[in-house]
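Residue-level structural notes
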Amino acid sequence: KVEGTKHFKNEDGTDVADWGDYEFTVVLQRHEGDGWKTVEEVTVDNENRKFAFDLSQQAYTVPGVSSYQIFEKEGDYEGVFYDNVWHTFSVVVADNDMDGSLEIVSVYSEHTDKEFEQINGIWEVEVSFTNTQHVTAPALAVIDVQKILTNLSESPKVSLSGYTFGLYTDAACTIPVTTEIN
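In this report, we go over the structure that sits alongside the text. (Residues numbered from 1 in each chain as written. Predicted model: local features only at pLDDT ≥ 70, side-chain atom pairs only at ≥ 80, totals over all residues. Heavy atoms only, no water.)

1. Section: the side chain of Gln29
Worth spelling out the cut-off: Under the DSSP-based scheme used, a helix requires at least four consecutive residues in state H or I and a strand at least two consecutive residues in state E, with every element numbered from the N terminus. Between N or O atoms, a polar contact is any pair within 3.5 Å; within protein, one atom must be a potential hydrogen donor and the other a potential acceptor, and residues adjacent in sequence are included only when both atoms are from side chains. Note on definitions: a residue-residue contact is assigned when non-hydrogen atoms from the two residues lie within 4.5 Å.
Residue position: Gln29 is located in strand S2 (residues 23-32). Side chain to side chain, Gln29 and Thr38 meet in a polar contact 3.2 Å long. Within polar-contact distance, the side chain of Gln29 engages the side chain of Gln69 at 2.5 Å. Discounting residues that sit within four places of it in the chain, Gln29 has contacts with Trp36, Lys37, Thr38, Val39, Ser67, Tyr68, Gln69, Phe71 and Trp86.

2. Quick look at the packing of aromatic side chains
Stated precisely, the cut-off is as follows: Each pair of aromatic rings taken from Phe, Tyr and Trp, with Trp reduced to its six-membered ring, is defined by centres within 6.5 Å and is described as stacked if the planes are under 30 degrees apart, edge-to-face if over 60, and tilted in the remaining cases. Burial here depends on accessible area, computed with a 1.4 Å probe over protein chains only, as a share of the maximum for the residue type. Under 20% is buried, over 50% is exposed, and the range in between is partly exposed.
Applying the stated criterion to the full structure yields 12 aromatic pairs. Look at Phe8 and Trp19: their rings are 5.7 Å apart centre to centre, the planes differ by 85°, and that puts the pair in the edge-to-face class. Remark: Trp19 occurs in the loop between strand S1 (2-10) and S2 and Phe8 occurs in strand S1; sequence separation between them is 11 residues. Under the relative-accessibility criterion, Phe8 is labelled buried at 2%. Residue Trp19 is classed as buried on the basis of its relative accessible area of 3%. Ring plane angle 20° and centroid distance 4.2 Å describe the contact between Tyr22 and Tyr77, whose orientation is recorded as stacked. Of this pair, Tyr22 sits in the loop between S1 and S2 while Tyr77 is found in the loop between strand S5 (64-73) and strand S6 (80-81), placing the two residues 55 residues apart along the sequence. The exposure class of Tyr22 is partly exposed, given its relative accessible area of 21%. Judged by relative accessible area, which is 27%, Tyr77 ranks as partly exposed.

Set out below in structure tokens:
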């Protein structure tokens with residue numbers, strides 16, 4: 001049995017408490033002679049953040065090693081950075097007791113060299129995926145500015161029409177400003 005947990009975090013590392021309608025898909029694949037074949041896909045959502053794959057239904061017809069990989073299918077939610085880890089593990093099948101039937105004798109991780117444990121006759125493989133939600137909406141700032149021109153000469157020829165006002169972050173960036181003449 002392969003079990004796992006889906007984590008969804010804010011960009012500051014805190015858990016997203018309510019995922020809303022977000023759903024994520026975790027995929028289990030088995031390597032066969034002509035490539036990777038999908039065994040099962042599981043949807044994880046706000047209500048059920050855990051997933052499991054039952055390997056007892058896999059047919060092992062010859063002794064040897066079967067390779068598996070588990071990954072999260074990348075979706076198209078804006079601002080979500082998907083976990084790109086691929087968990088790989090191997091299942092070793094043999095007829096150690098020479099009774100003519102094949103049994104799983106070992107399950108190990110190919111990329112961590114970890115041997116998984118058999119608990120009450122079930123091989124436990126634990127994996128997890130963590131996505132991060134980043135804010136993508138633009139920020140809005142309202143800055144009230146008042147420009148006062150004092151006509152010290154009291155000349156009737158002084159006008160605001162020759163001035164340009166703007167908000168500058170550097171020499172190349174100007175944010176236009178609406179001017180009201182009172």
